[in-house]
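Per-entry structural report
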Amino acid sequence: MSQTHQMVVRFIESVIRSGSVISPTLYKEVLNLVKHCLDQSVQFIQFLQYLKQNSEPIKKNPTAIVVLNHIIRESEYFVGIAQTLLYSQR
């Protein structure tokens, strides 16, 4: 996670310094980062679904279920945006 965060910060700084003119190389690197974040988000959603289905304490806690469902929805929203961005590049 820390490495991903560092990459995001580095790319943001690069774009700011470039005056929002992005080179083809930087653009490709950013898309690779988006793909990585997409993959991580999909795995995170699967993990949360696993917890909902297999954790007895979570199954017995309605608040935990509501929170997990919210986190899953927000993560799915990001996945949709990332897929739209990536698939529009093909």
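Predicted, not measured: the structure shown is a model, and the values here were computed from it. (Residues numbered from 1 in each chain as written. Predicted model: local features only at pLDDT ≥ 70, side-chain atom pairs only at ≥ 80, totals over all residues. Heavy atoms only, no water.)

1. So, the overall build of the protein
Applied cut-off: Under the DSSP-based scheme used, a helix requires at least four consecutive residues in state H or I and a strand at least two consecutive residues in state E, with every element numbered from the N terminus. Just to be clear, the radius of gyration here is over C-alpha atoms, and the globule rule we use is 2.2 Å times residues to the power 0.38. When a residue's accessible area, from a 1.4 Å probe over protein chains only, is under 20% of the maximum for its type it is buried; when over 50% it is exposed; and in between it is partly exposed. Calculation of accessible area relied on Shrake-Rupley with a 1.4 Å probe; when residues are assessed, cover is drawn exclusively from the protein chains displayed. By the counting rule applied here, Lys and Arg register as positive and Asp and Glu as negative, while His and the ends of each chain are not counted. Working definition for charges: the position is that of NZ of Lys, CZ of Arg, CG of Asp or CD of Glu.
The helix and strand tally for the protein stands at 4 helices and 0 strands. Secondary structure of the protein in N-to-C order comes out as α-α-α-α. Taking 90 residues into account, the globule formula puts the C-alpha radius of gyration at 12 Å, and the protein, at 17 Å, lies well above it. Seen through its C-alpha atoms, the protein measures out along the principal axes to roughly 50 × 30 × 15 Å. Sorting the 90 residues of the protein into buried and exposed places 21% on the buried side. If you sum the accessible surface of the protein, you get close to 6800 Å²; carbon and sulfur atoms cover 61% of it. Once the 9 positive and 6 negative side-chain charges of the protein are each reduced to a mean point, those two points are 3 Å apart.

2. A look at helix 1 (residues 2–17)
Our working rule: Working rule for helices: expected span equals 1.5 Å times residues minus one.
When the terminal C-alpha atoms of helix 1 are compared, their 22 Å separation across 16 residues agrees well with the 22 Å that a helix rising 1.5 Å per residue should span. G19 sits one or two residues past helix 1 and shows a positive phi near 70°.

3. Looking at the pattern of salt bridges
Worth spelling out the cut-off: One speaks of a salt bridge when a side-chain nitrogen belonging to Lys or Arg is within 4 Å of a carboxyl oxygen belonging to Asp or Glu.
Within the structure shown, the criterion is met by 3 salt bridges. Residue R10 pairs with E29 through a salt bridge whose shortest N-O separation is 3.6 Å. Of this pair, R10 sits in helix 1 while E29 sits in helix 2 (residues 24–54), and the two are 19 residues apart along the sequence. Among the salt bridges present, the one from D39 reaches K35, with a minimum N-O distance of 2.7 Å. Residue D39 and its partner K35 are located together in helix 2, separated by 4 residues, close to a single helical turn. Among the residues examined, D39 registers a relative accessible area of 32% and is labelled partly exposed. Residue classification places K35 among the partly exposed positions, given a relative accessible area of 37%.

4. Topic: the packing of helix 1 against helix 2
Stated precisely, the cut-off is as follows: Lines are fitted to the C-alpha atoms to define the axes, a helix being fitted only along its stretch in contact, and any angle between axes, read from their N-to-C directions, falls within 0 to 180 degrees. Roughly parallel covers angles under 35 degrees, roughly antiparallel covers those over 145, roughly perpendicular covers 65 to 115, and oblique covers all other angles. By the definition used in this description, the sense in which the near helix is turned from the far one sets the handedness, with an anticlockwise turn below a right angle giving left-handed and a clockwise turn giving right-handed. Here, residues are in contact when the closest pair of their heavy atoms is within 4.5 Å.
At their nearest, the axes of helix 1 and helix 2 sit 11 Å apart, and the two run at 150° to each other. Between helix 1 and helix 2, the angle is such that the two are roughly antiparallel. Handedness of the helix 1/helix 2 crossing: left-handed. From helix 1, T4, M7, V8, R10, F11, S14 and V15 reach across to helix 2, where they touch L26, E29, V30, L33, H36 and C37.

Read these as spatial facts, not as claims about activity.
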